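# Report on the structure
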Amino acid sequence: MLKVVEINNLTVQYPDVKALDNVSLVVNQGDFLGIIGPNGAGKSTLFASMLGLNTKYKGTIKFFDEDIKKSKNYLKELGYVPQKPIFEKNFPVTVTDVVRMGLRKESDENKIDEVLQQLWIHELRERRIGELSGGQQQRVFIAKALVNNPKILILDEPVTGIDQQSIDLFYSILRELNFKQKITIIWSSHDLDAVNKLANHVACLNRTLFFHGESEKFFSDDDLVKQYSEASMQEHMHHH
Ligand code: ADP
Ligand code: MG
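Described below are features of the structure shown in this document.

Before going further, it helps to examine the pairing of strand β2 (residues 18–28). When strand β1 (residues 3–13) meets β2, the two strands line up antiparallel, connected through seven bridges. The partner of valine 12 across the bridge, within β2, is leucine 20. Count of turn residues in the β1/β2 antiparallel hairpin: four residues.

Below is the structure:
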C-alpha cells in the first residue's frame, strides 16, 4: 500500500496551549479518514501544519515519503477546503470565478465545466457566490479544490451550519470522489454517525491521538466509543 501521508511525533505548542501532543498518523492511498474531535482538539492545527501554513512544530510530516520542510511539490497533489468562509451578498465574484481561482494553468479551462457538473452547480455558474446557500457555496469550494485533479482532498469540518439536504448530497459526492475517482480523503468532523457511515479509517483526536485505525474497530467497540464520548464531552464543558 502506498503511504500518502506519514506524520511522526507531531507536537505544536502555541504560547498558551499545547494544541497537538506527540501525534503520529499514517494515511494510505485511497483511504477515507475521518478525524473526530471536539472544539479545540487541534484538528485545524493539524491541517495547518500539513498544508505548510504552520511551520512551528516538532516532529515530521511527510507526503509521498518526502519531508514537507524539504519540498513543496506535494501541494500540487492536494485540494483543501477550509472551514466555511462568509461572503457579502453582493461580493462581485461568480461561481466560475471562484473555481477558476483554484486553477493553476489557464489552459485547463475545460476542467472548470467538468467539476461544476460533477458538483451539481453548473446551472449556478454565473451567479454571485454571496447569493448562494451555505450548501451551494460549500460545493463551489469543493469544486475549487478539485479543479487541479488532486490525489488528496482535505476538508475541515465541512458541514457546520449547512442544511440536511445539502449535507446528504455532500456526503454522496465525497463517497463518489473516494470510491470512483480514488481520491484520498482526510476530513474532520464532530459527527460520529457520519464518520461511521463514510470513513474507512478513524482518528480520534483530543490534542493527543486517542484512537487511530479502521472505523469498524472503533465503532464496534462500545466501551471505546463511550470512553471517547465522555472524554470529549468533558472537554466541551470545560470550554463553554
Ligand atoms: P479544532 O480545529 O479542533 O477546534 P484548533 O486547532 O483550532 O482546534 O485549536 C486547538 C487549540 O489551539 C485551541 O485551544 C485554540 O485556541 C489554539 N489555537 C489555534 N490556533 C492558534 C493560533 N494560531 N495561535 C494560538 N493558539 C491557537
Ligand atoms: Mg477547527
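What follows covers the packing of aromatic side chains. Tallied over the entire structure, the rule returns eight aromatic pairs. A centroid spacing of 5.9 Å and a plane angle of 70° characterise the contact between tyrosine 171 and tryptophan 187, whose relative ring orientation is edge-to-face. Here tyrosine 171, found in helix α5 (residues 164–179), pairs with tryptophan 187, found in strand β8 (residues 184–189); they are 16 residues apart in sequence, far enough to count as distant. Take tryptophan 187: its relative accessible area is 1%, and that puts it in the buried class. One aromatic cluster is present, built from ring pairs that chain together Phe210, Phe211, Phe218, Phe219 and Tyr228.

Let's shift gears to the pattern of salt bridges. In this structure the tally under the stated criterion is nine salt bridges. Glutamate 6 serves as the salt-bridge partner of lysine 3, at 3.3 Å between the closest nitrogen and oxygen. The partner of glutamate 157 in a salt bridge is lysine 43, and the shortest N-O contact between them spans 3.5 Å. A residue pair is termed long-range when its members are at least 10 positions apart, and glutamate 157 in the loop between β7 (152–156) and α5 and lysine 43 in helix α1 (residues 43–50) qualify at 114 residues. For the pair glutamate 157 and lysine 43, a shared accessibility class is recorded, and that class is buried. By sharing partners, the salt bridges in this structure join Asp97, Arg100 and Glu109 into a single network.

Rules behind the numbers
- Residues numbered from 1 in each chain as written.
- Chains lettered and ligands numbered in written order.
- Predicted model: local features only at pLDDT ≥ 70, side-chain atom pairs only at ≥ 80, totals over all residues.
- Heavy atoms only, no water.
- Pairing = 2+ DSSP bridges.
- Helix = DSSP H or I, 4+ residues; strand = E, 2+ residues; numbered from the N terminus.
- Phe/Tyr/Trp six-rings, centres within 6.5 Å; stacked < 30°, edge-to-face > 60°.
- Buried < 20%, exposed > 50% of the residue type's maximum accessible area, 1.4 Å probe, protein only.
- Salt bridge = Lys/Arg side-chain N within 4 Å of Asp/Glu carboxyl O.

Keep in mind these values describe shape, not function.
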